Amino acid sequence: MGRISSLKSLSLIEFRWANDTQGFDRLSSLEKLESLDLSWSYNMDNNILSSISSISSLKSLYLNNTNLNSTTDIQWLSKLGNLEVLGLRDNNFNNSILSCLAKLSSLKALDLSRNGLEGRIDFQGLCNLRNLKELDLKYNQFSGMLPQCIGNLTSLQEFDISQNHFIGSISPIRSLTYLYCCWNFRAIYYKFHCH
């Protein structure tokens, strides 16, 4: 690891972890690592996942399709204060994941699509992420009204809530350039403000 201590980006996509995870804890010695992609990697235990929390330089983390299914799998995420991009697509979380993410105040892009999240969504955690520019919630089973606090996301540029069961209207967000809400099984309205 000493020779690659200046590594900024590491992709271990489709990596198959053996029972011996020795060496993974050395990732913490990669003090300049900014991007880590473990998507489609399996057999990661909590020791492997929690060792990621010691990489304080991380700005982008992709854990797409890694069979994560509970907030205990990702509680360590709150230690990554510099994290700007988080990919958690195609896992099996429940709605409690949203409160776990509320502490990631530096997040600019969050992908929670295709997680089977269902029911009424507690947006309070998400509405606190005021630096978010991209929020992807498509292909879940969310239902109910979208809360007014979505209007607090004043940096939001891309918002995808398609393939859910949302109803109601979305508060105006001046920065919004992309809103994708089709294939909701009820009507969604966007309140446009022209100046």
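Structure shown above.
Values in this document were obtained by computation on a predicted structure and should not be read as measured data.

A. Highlighting the sheet that holds strand β4 (residues 85-87). Pairing in this open sheet of eight strands is parallel, and the strands run β1-β2-β3-β4-β5-β7-β9-β11 from one edge to the other. The open sheet terminates on both sides in strands that have one partner only, identified here as β1 (9-11) and β11 (178-180). Recorded for the sheet is a direction-independent mean angle of 5° between the axes of neighbouring strands. Of the pairings in the sheet, the one linking strand β2 (residues 35-37) to strand β3 (residues 60-62) comprises three bridges and is parallel in character.

B. Structural context of the pattern of salt bridges. Within the structure shown, the criterion is met by five salt bridges. Between Glu 84 and Lys 108 there is a salt bridge, with its nearest N and O atoms 4.0 Å apart. One end of the pair, Glu 84, is in the loop between β3 and β4; the other, Lys 108, is in the loop between α2 (97-101) and β5 (109-111), and 24 residues separate them in sequence. For Lys 108, a relative accessible area of 32% translates into the label partly exposed. In this structure, a network of salt bridges that share partners links the residues Arg 89, Asp 90 and Asp 111.

C. Structural context of the side chain of Asp 37. With respect to the element layout, Asp 37 can be found in strand β2. Buried charge Asp 37 goes without a salt bridge, the closest partner of opposite sign being Arg 89 at 7.8 Å. At a separation of 2.7 Å, a polar atom in the side chain of Asp 37 contacts the side chain of Ser 39. In this view, Asp 37 contacts Leu 10, Ser 11, Leu 12, Ile 13 and Tyr 62; residues no more than four positions away in its chain are not counted.

D. Quick peek at the pairing of strand β8 (residues 141-145). Looking at chain direction, strand β6 (residues 118-120) and β8 are connected through three bridges and run parallel. Counted as the bridge partner of Gly 119 is Phe 142 from β8. One ladder, built from three bridges, connects β8 with strand β10 (residues 165-170); its direction is parallel. The residue bridging Ser 143 from the neighbouring strand is His 165, located in β10.

Reading the values: rules and limits
Every residue gets a number counted from 1 within its own chain, in the order that chain's sequence is written. pLDDT decides what is reported in this predicted model: residues at 70 or higher carry local features, side-chain atom pairs at 80 or more are listed and counted, and totals for whole chains, interfaces and linings draw on all residues regardless. The basis for every side-chain value is the complete set of non-hydrogen atoms in the structure, without hydrogens or water. A strand pair is defined by DSSP finding two or more bridges across the two strands. Numbering of helices and strands starts at the N terminus; helices are DSSP runs of H or I of at least 4 residues and strands are runs of E of at least 2. Only the stretch in contact is used when fitting a helix axis, every axis being a line fitted to C-alpha atoms; angles between N-to-C directions are given from 0 to 180 degrees. Salt bridge, as applied in this entry: a Lys or Arg side-chain nitrogen positioned within 4 Å of an Asp or Glu carboxyl oxygen. Three exposure classes are used, based on accessible area relative to the maximum for each residue type with a 1.4 Å probe and protein chains only: buried under 20%, partly exposed in between, and exposed over 50%. Neither His nor the chain ends contribute to the count of charged residues, in which Lys and Arg are positive and Asp and Glu negative. In protein, a polar contact means a hydrogen-donor-capable atom and an acceptor-capable atom, both N or O and within 3.5 Å, with residues adjacent in sequence counting only if both atoms are side-chain atoms; elsewhere, any N or O pair within 3.5 Å suffices. Only heavy atoms matter for contacts: two residues are in contact if any of them lie within 4.5 Å across the pair.

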